[in-house]
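Report on the structure
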Amino acid sequence: MNIVVAIKHIPSIADDLPVKGNNVDFDSVDFVLNEFDEQSIEQAVLVKEAVGGTVTVVGVDMIGELDNALHLALAKGADKAVKITGDDPSADSHQQAKWLAEAIKGMSADMVFAGVQASNDLDGQIGPMIAAYLDMPYIGGVSSVEVAGDSATVNKEFAGGVGAKYSVSLPMVVGVQASVKPPRYAPVSKVRQVTQTATIEKVAPSGEASSGLTMKKMAPPVVTGHAEMIEGSSKDVAKKIVELLKSKGLA
Amino acid sequence: MSNDVLVITEHMDGKFSDVSFEMVGKAKELASALGGQAVAVVVGSGVSSNVFASDSTIHIDDAALSNFNPEAYGKVIEALVKEKSPRLVMFGWTATGMDLAAWLSARLGKPCAAYVKNIGADLTMSCQAYGGKMVADVAPEGDMAIAAVLAGSFPVEAGQGSTAATQIASPVALDGLKTKFVEAIKPAGGDVDITAQTKLVSIGRGIGSKDNVELAEELAQKLGATVSSSRPVVDAGWLPRTRQVGKSGLKVKPKLYLMLGISGAPEHLEGMKSAELIIAVNTDKKAPIFNVAHYGATADLFEVAEAMLELL
Ligand SMILES: Cc1cc2nc3c(=O)[nH]c(=O)nc-3n(C[C@H](O)[C@H](O)[C@H](O)COP(=O)(O)OP(=O)(O)OC[C@H]3O[C@@H](n4cnc5c(N)ncnc54)[C@H](O)[C@@H]3O)c2cc1C
Ligand SMILES: Nc1ncnc2c1ncn2[C@@H]1O[C@H](COP(=O)(O)O)[C@@H](O)[C@H]1O
């Protein structure tokens, strides 16, 4: 079973997001692994543990900082890491999906895993685009994957606990919302060891595609309303919330 | 090539989702500015399709389409879009639309914007990005664009009507599909129903660990409330799926929604923004939740919860 997992490094949304020109200033933010990719790596590793095979993680190195994410994936159970040396922070989703699809073509993948989305999107998601370029079926919003022979059974979530089970003949692309089990923790010592010993295969970008979107402007939302802020120490805040609740008959 | 706006509607258990009507309403406005028609597209069966205020409605019904199947739906919609060659195709940015919009975009080589909150008459689209902390305005090139629209962006009423649908056969053969619908998955029972509670204490990733959930439970108990959460708390295994509020969770409308350590991502807001009283405690003063909550405090949730416990 050849499993390929596409992973993406994105600006941490826990940070302030300074704007430079018409995009977030990538030089002044921290990059983290997209949260759905952690789920996706875990689900891929679980499938490998169940049926055998190899998990290869692949990413487009947009800003020359992908190695950390690849090392983390290896520490969490992936076997091989590949980076596409895109090195173009302005490459749009279609271009990245094309590069990924071209790189994945050579890997004879039985399954391709992607995160259901990344939070910095405008024209995402890359999972369905890879599926379109590779002419494989795609199902997103997936929260469990089981493989038997040359088909996979996946559960897709709609909302409120309602979902559907699908059976798909492989190869396919899966958009992972959540792994069937919470992602495992990779101890720091393991990550450090991987960082020192692992090799990352480099692939030159190939293929061309464009989103056909021109970014006009990126800015914080114009707020139409704002919470009435309760000032003071945590104790003051607690007191005021309790008073508020009591005044409304809610406590 | 036409100036029509095609809306891919969506339905479940015989009911169209609100976003379908929202899109049809917006499509009417855009189509009249563009000099085209607003066309509602219904794929699948078991639903009465004469419910839109569209200029026309096309209903494609086939046994292979009776349940949502991304491969089958994708093929049908691709064929229809090629035939109609509209100016704009609208999807909901939903569990089903997310499988189709970007796929169609790559198949056709046409631009697609996701998380769309608004669309101008020149088709410039305003999209949420970075979990609601940013808004991007993008302009699509060429003669056709795709918009994947966030639920709750436009009024529902403008799309409601009674246009008689035209039934057509599937424009493509639907045999030999690689994807097969096996069965529906029903929600797990046995837990409290958070949609029926009047007071919720809702925790997010800021709660930090499973052990800390107890603090929220204690606070909830003192308030006569129930604990609910954002998605990451459930994905981490700290609370059962039955407690999740949001797009892929449950929609709640309690009298009190007290939020501890939830950032207010658009997917969470979809599930709770109509709560009567929203109070948010978050250490990040720029957390998007403060644009939605009625009351907010930039404070540590643990300190505030402990202090509240002493006062109750
Ligand atoms: C298709 C799809 C469906 C989704 N469905 C849902 C859904 O149904 N429900 C849902 O919730 N999400 C859903 N999500 C996920 C959503 O995008 C966000 O990732 C999620 O809502 C974030 O949860 P959060 O606010 O708890 O975490 P974060 O965004 O990580 O926010 C944590 C917050 O806690 C604050 N914090 C940290 N420590 C403290 C402290 N000590 N005191 C006070 N504050 C603190 C931080 O400042 C931060 O604002 C979905 C995503 C996708 C792609
Ligand atoms: N540059 C990239 N390199 C590798 N995978 C990516 C990249 N961008 C997106 N992906 C994959 O596509 C998913 C959805 O991302 P997005 O399309 O940006 O919403 C991510 O979770 C990744 O699995």
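My aim in this report is to walk through the structure given alongside it, one point at a time.

**Quick word on the overall build of chain B**
- If you tally the helices and strands in chain B, you get seven helices and 17 strands.
- By the compact-globule yardstick of 20 Å for 312 residues, chain B fits well, its C-alpha radius of gyration being 22 Å.
- In terms of its C-alpha atoms, chain B occupies a principal-axis envelope of roughly 65 × 40 × 35 Å.
- For chain B, the proportion of its 312 residues judged to be buried stands at 60%.
- A separation threshold of at least 6 residues defines the contact pool for chain B, and within that pool the share at least 24 residues apart is 64%.
- By element, 49% of the accessible surface of chain B is carried by carbon and sulfur atoms, the whole surface being about 11500 Å².
- Taking the average place of the 28 positive charges on the side chains of chain B and the average place of its 35 negative ones, the gap between the two points comes to 1 Å.

**Remarks on helix 2 (residues 70-84) of chain B**
Residues and elements named next belong to chain B.
- Over its 15 residues, helix 2 extends 21 Å from the first C-alpha to the last, a length consistent with the 21 Å expected when each residue adds 1.5 Å.
- Across the 15 residues of helix 2, 11 count as buried, placing the element largely inside the fold.
- Between the side-chain oxygen at the start of helix 2 and the backbone nitrogen of Glu 71 there is a gap of 3.0 Å, and the oxygen is on Asn 69.
- Just downstream of helix 2 lies Ser 85, where phi reads positive at about 45 degrees.

**What about the sheet that holds strand 14 (residues 213-219) of chain A?**
- Pairing is mixed across the open sheet formed by 10 strands, whose spatial order is 14(A)-9(B)-8(B)-7(B)-10(B)-6(B)-1(B)-4(B)-5(B)-11(B). Across the chains shown, the open sheet's two edge strands, defined by having one partner strand only, are strand 14 of chain A together with strand 11 (165-168) of chain B. Strand-to-strand twist across the sheet, computed as the mean angle between neighbouring axes with direction ignored, equals 35 degrees.
- Bridge count for strand 1 (residues 5-8) of chain B against strand 6 (residues 88-92) of chain B is three bridges, and the pairing is parallel. Paired with Val5(B) across the strands is Leu88(B), a residue of strand 6 of chain B.
- Together, strand 1, strand 4 (38-43), strand 6, strand 7 (112-119) and strand 10 (145-149) of chain B form the strand contacts of helix 1 (residues 18-34) of chain B, whose direction differs from that of strand 1 of chain B by roughly 175 degrees.
- Relative to strand 6 of chain B, helix 3 (residues 97-108) of chain B is tilted by about 155 degrees, and along the sheet it contacts strand 6, strand 7 and strand 10 of chain B.

**Structural notes on the sheet that holds strand 14 (residues 226-229) of chain B**
- Spatial ordering of the open sheet is given by 15(A)-17(B)-16(B)-15(B)-13(B)-14(B), a layout of six strands whose pairing is parallel. Every other strand in the sheet has two partners, leaving strand 15 (228-229) of chain A together with strand 14 of chain B as the edge strands with one partner each.
- Here strand 13 (residues 199-203) of chain B runs beside strand 15 (residues 256-260) of chain B; their pairing, made up of five bridges, is parallel. Of the residues in strand 15 of chain B, the one forming a bridge with Ile203(B) is Leu260(B).
- Contacting strand 13, strand 14 and strand 15 of chain B, helix 4 (residues 213-223) of chain B runs over the sheet at an angle of about 165 degrees to strand 13 of chain B.

**Side note on the packing of helix 2 (residues 67-75) of chain A against helix 5 (residues 188-197) of chain A**
Residues and elements named next belong to chain A.
- Between helix 2 and helix 5, the least distance of the axes is 9 Å, while the angle of their chain directions is 120 degrees. At the point where helix 2 passes helix 5, the crossing takes the right-handed sense. Here His 71, Leu 72, Leu 74 and Ala 75 of helix 2 come into contact with helix 5, specifically with Lys 190, Val 191, Val 194 and Thr 195.
- Tallied by class, residues from the contact of helix 2 with helix 5 come to five nonpolar, two polar and one charged.

**Some details on the interface of chain A and chain B**
- At the interface, 80 residues of chain A touch 83 residues of chain B.
- Approximately 7000 Å² of surface area, both sides summed, lies buried where chain A meets chain B, with 62% of it carried by carbon and sulfur atoms.
- Inspection of the chain A/chain B interface yields four salt bridges.
- With its nearest N and O atoms 3.8 Å apart, the salt bridge here joins Asp135(A) to Arg107(B).
- Between chain A and chain B we count 28 residue pairs in polar contact (both at pLDDT 80 or more) in total.
- Of the residues forming the side of chain A that touches chain B, the biggest block, 10 residues, is contributed by helix 6 (residues 234-247) of chain A.
- A class-by-class count of the residues in the side of chain A that touches chain B yields 42 nonpolar, 22 polar and 16 charged.

**Remarks on the packing of aromatic side chains**
- Under the defined criterion, the tally for this structure stands at seven aromatic pairs over all chains.
- With 6.3 Å between their ring centres and 80 degrees between their planes, Phe16(B) and Phe21(B) make a pair best called edge-to-face. In this structure, Phe16(B) and Phe21(B) share a single accessibility class: buried.
- Judged by centre distance (5.0 Å) and plane angle (70 degrees), the ring pair of Phe68(B) and Tyr73(B) falls under edge-to-face.
- Accessibility expressed as a relative area gives 8% for Tyr73(B), which makes it buried.
- Linked through ring pairs, Phe158(A), Phe68(B) and Tyr73(B) together constitute an aromatic cluster.
- Just above the ring of Tyr133(A) sits the side chain of Lys98(A); from NZ or CZ to the centre is 4.5 Å.

**Focus: the environment of Ser167(A)**
- Secondary-structure assignment places Ser167(A) in strand 11 (residues 162-169).
- Separated by 14 residues in sequence, Ser167(A) and Thr153(A) place their C-alpha atoms 4.5 Å apart.
- In contact with Ser167(A), not counting residues within four places along its chain, are Ser151(A), Ala152(A), Thr153(A), Lys178(B), Thr179(B), Lys180(B) and Val182(B).

**Some words on helix 1 (residues 35-51) of chain A**
Residue and element names in this part refer to chain A.
- Compared with the 24 Å implied by 1.5 Å per residue over 17 residues, the 25 Å span of helix 1 between its first and last C-alpha is a close match.
- Across the 17 residues that make up helix 1, a large majority, 12, are buried.
- Buried residues of helix 1: Phe 36, Asp 37, Gln 39, Ser 40, Ile 41, Glu 42, Gln 43, Ala 44, Val 45, Leu 46, Val 47 and Lys 48, and no others.
- Phi turns positive one or two residues past the end of helix 1, at Gly 52, with a value near 85 degrees.

Reading the values: rules and limits
- Residues numbered from 1 in each chain as written.
- Chains lettered and ligands numbered in written order.
- Predicted model: local features only at pLDDT ≥ 70, side-chain atom pairs only at ≥ 80, totals over all residues.
- Heavy atoms only, no water.
- Helix = DSSP H or I, 4+ residues; strand = E, 2+ residues; numbered from the N terminus.
- Rg over C-alpha atoms; globule rule 2.2 N^0.38 Å.
- Buried < 20%, exposed > 50% of the residue type's maximum accessible area, 1.4 Å probe, protein only.
- Contact = heavy atoms within 4.5 Å.
- Areas by Shrake-Rupley, 256 points an atom, 1.4 Å probe, with all protein chains shown as cover.
- Lys, Arg positive; Asp, Glu negative; His and termini not counted.
- Charge placed at Lys NZ, Arg CZ, Asp CG, Glu CD.
- Expected span 1.5 Å × (residues − 1).
- Polar contact = N/O pair within 3.5 Å; in protein donor to acceptor, adjacent residues only side chain to side chain.
- Pairing = 2+ DSSP bridges.
- Axes fitted to C-alpha atoms, helices over the stretch in contact; angles between N-to-C directions.
- Left-handed = near helix turned anticlockwise from the far one by under 90°.
- Nonpolar A, V, L, I, M, F, W, Y, C, P; charged D, E, K, R; others polar.
- Buried area = accessible area lost by both parts, 1.4 Å probe.
- Salt bridge = Lys/Arg side-chain N within 4 Å of Asp/Glu carboxyl O.
- Phe/Tyr/Trp six-rings, centres within 6.5 Å; stacked < 30°, edge-to-face > 60°.
- Lys NZ or Arg CZ within 6 Å of the ring centre and 35° of its normal.

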